[in-house]
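# A closer look at the structure
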Amino acid sequence: MAPQVEQESLKDEMRNVVEEARMIIPGVQALFGFQTMAVFNNRFEDLPQSGVAAYVAGLAMLAVAIALLMAPAACHRMSERGQVSRSLIDLSSRLITWGMLPLMLGLSLDIFVVVLATMDDLRAALVGGVAALLVFSSFWYVMPAVRRRRNRTGSVPGR
């Protein structure tokens, strides 16, 4: 049996895109706030140089993610206030999709730093960071790509 699919109006689609970004942003901003406070913790001084470098890179990645995830609302307000276009929806969707990439990298670097600080083991920190990167990329990029391909071909992989 074929899945039921319903087309959204441009207005509904834009509302959903902005809502998706709105759901992600508070968590990213809270994480960014916690990260900025870490430098004032005594344990931060004990981090090896690799941990400090990963911390700074992760903070930078979260800042880029915030910029990309907040851009759809700014574009809507400043360039197409009171109206919705296909090009704005497509741009907003791309910005959110691209915003998840630095978020994924920033979170993985955070996990690397936390494991490094708690276990003082570079190998364990690398395993933790890479494992997080694999989990995030699997759910945020690989799974949606597989679903999109399956929806376009109408087939189910493995059947």
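As a reminder, the structure under discussion sits directly above these lines.
Residues numbered from 1 in each chain as written. Predicted model: local features only at pLDDT ≥ 70, side-chain atom pairs only at ≥ 80, totals over all residues. Heavy atoms only, no water.

## Re a nonpolar patch on the surface
- A cluster of nonpolar side chains, namely Phe34, Met37, Val39 and Phe40, defines an oily patch on the protein surface of about 470 Å² accessible area.
- Structurally, Phe40 can be placed in the loop between helix H1 (10-38) and helix H2 (49-79). (Patch = residues over 30% accessible without salt bridge, like charges linked within 9 Å, V, L, I, M, F, W, Y side chains within 5 Å. Areas by Shrake-Rupley, 256 points an atom, 1.4 Å probe, with all protein chains shown as cover. Salt bridge = Lys/Arg side-chain N within 4 Å of Asp/Glu carboxyl O. Helix = DSSP H or I, 4+ residues; strand = E, 2+ residues; numbered from the N terminus.)

## Considering the pattern of salt bridges
- Scanning the entire structure with this criterion turns up 4 salt bridges.
- Linking Glu19 and Arg22 is a salt bridge whose minimum nitrogen-to-oxygen distance equals 2.9 Å. Placement of the pair is Glu19 and Arg22 together in helix H1, with a separation of 3 residues, close to one helical turn.
- In this structure Glu19 comes out as partly exposed when scored by relative accessible area, which is 34%.
- Members of the salt-bridge network, linked through shared partners, are Glu13, Arg86 and Asp90. (Buried < 20%, exposed > 50% of the residue type's maximum accessible area, 1.4 Å probe, protein only.)

## Some words on the side chain of Ser108
- Position of Ser108 among the secondary structure elements: in helix H3 (residues 86-119).
- By relative accessible area, which is 6% here, Ser108 ends up buried.
- Among the polar contacts made by the side chain of Ser108, one reaches the main-chain amide nitrogen of Leu133 at a distance of 3.2 Å.
- In this structure, Ser108 is in contact with Gly129, Ala132, Leu133 and Phe136, ignoring residues within four places of it in sequence. (Polar contact = N/O pair within 3.5 Å; in protein donor to acceptor, adjacent residues only side chain to side chain. Contact = heavy atoms within 4.5 Å.)

## Thoughts on unusual backbone geometry
- The phi dihedral of Asp120 falls on the positive side, at around 50°, and the residue is not glycine.
- In this fold, Asp120 is placed in the loop between H3 and helix H4 (122-153).
- Take Asp120: its relative accessible area is 64%, and that puts it in the exposed class.

## Describing the packing of H2 against H3
- Packing of H2 against H3 brings their axes to within 7 Å, and their N-to-C directions diverge by 160°. Taken as axis vectors, H2 and H3 run roughly antiparallel relative to one another. Seen from above, H2 lies across H3 with left-handed handedness. (Axes fitted to C-alpha atoms, helices over the stretch in contact; angles between N-to-C directions. Parallel < 35°, antiparallel > 145°, perpendicular 65-115°, else oblique. Left-handed = near helix turned anticlockwise from the far one by under 90°.)

## Concerning the nonpolar core
- Ranked by internal contacts, the top residues of the largest apolar core, which has 19 residues, are Met14, Val28, Leu69, Ile96, Leu103 and Phe136.
- Sorting the residues of this core by element identifies H1, H2, H3 and H4 as the ones contributing at least two each.
- Among the elements that take part in this core, H3 stands out by supplying 7 residues, more than any other.
- Leaving out residues up to four positions away in the same chain, Phe136 has contacts with Met104, Leu107, Ser108, Ile111 and Tyr141. (Core = buried A, V, L, I, M, F, W, Y, C linked by side-chain atoms within 4.5 Å.)

## Section: the layout of surface pockets
- Size it by volume and the largest pocket reaches roughly 920 Å³.
- Lining the largest pocket are 21 residues, with Glu13, Glu20, Ser93, Pro144 and Arg148 positioned closest to its centre.
- Broken down by secondary-structure element, the contributors of at least two residues to the lining of the largest pocket are H1, H3 and H4.
- For the lining of the largest pocket, the element with the highest residue contribution is H4, accounting for 8 residues.
- When grouped by side-chain class, the residues that make up the lining of the largest pocket number 10 nonpolar, 5 polar and 6 charged. (1 Å grid on protein atoms, 1.4 Å probe; cavity = no way out; pocket = protein on both sides within 12 Å on 5 of 7 lines; lining within 4 Å. Points joined across faces, edges and corners; volume = space filled by probe spheres on them. Nonpolar A, V, L, I, M, F, W, Y, C, P; charged D, E, K, R; others polar.)

## Side note on H4
- Over its 32 residues, H4 extends 44 Å from the first C-alpha to the last, a length consistent with the 46 Å expected when each residue adds 1.5 Å.
- Most pronounced at Ser138, the bend in H4 amounts to some 45°.
- Among the residues of H4, those classed as buried are Ala125, Gly128, Gly129, Ala132, Phe136 and Ser137.
- The opening residue of H4, the one whose side-chain oxygen lies 3.0 Å from the backbone nitrogen of Arg123, is Asp121. (Expected span 1.5 Å × (residues − 1). Bend = angle between axes of the 7 residues up to and from the residue.)

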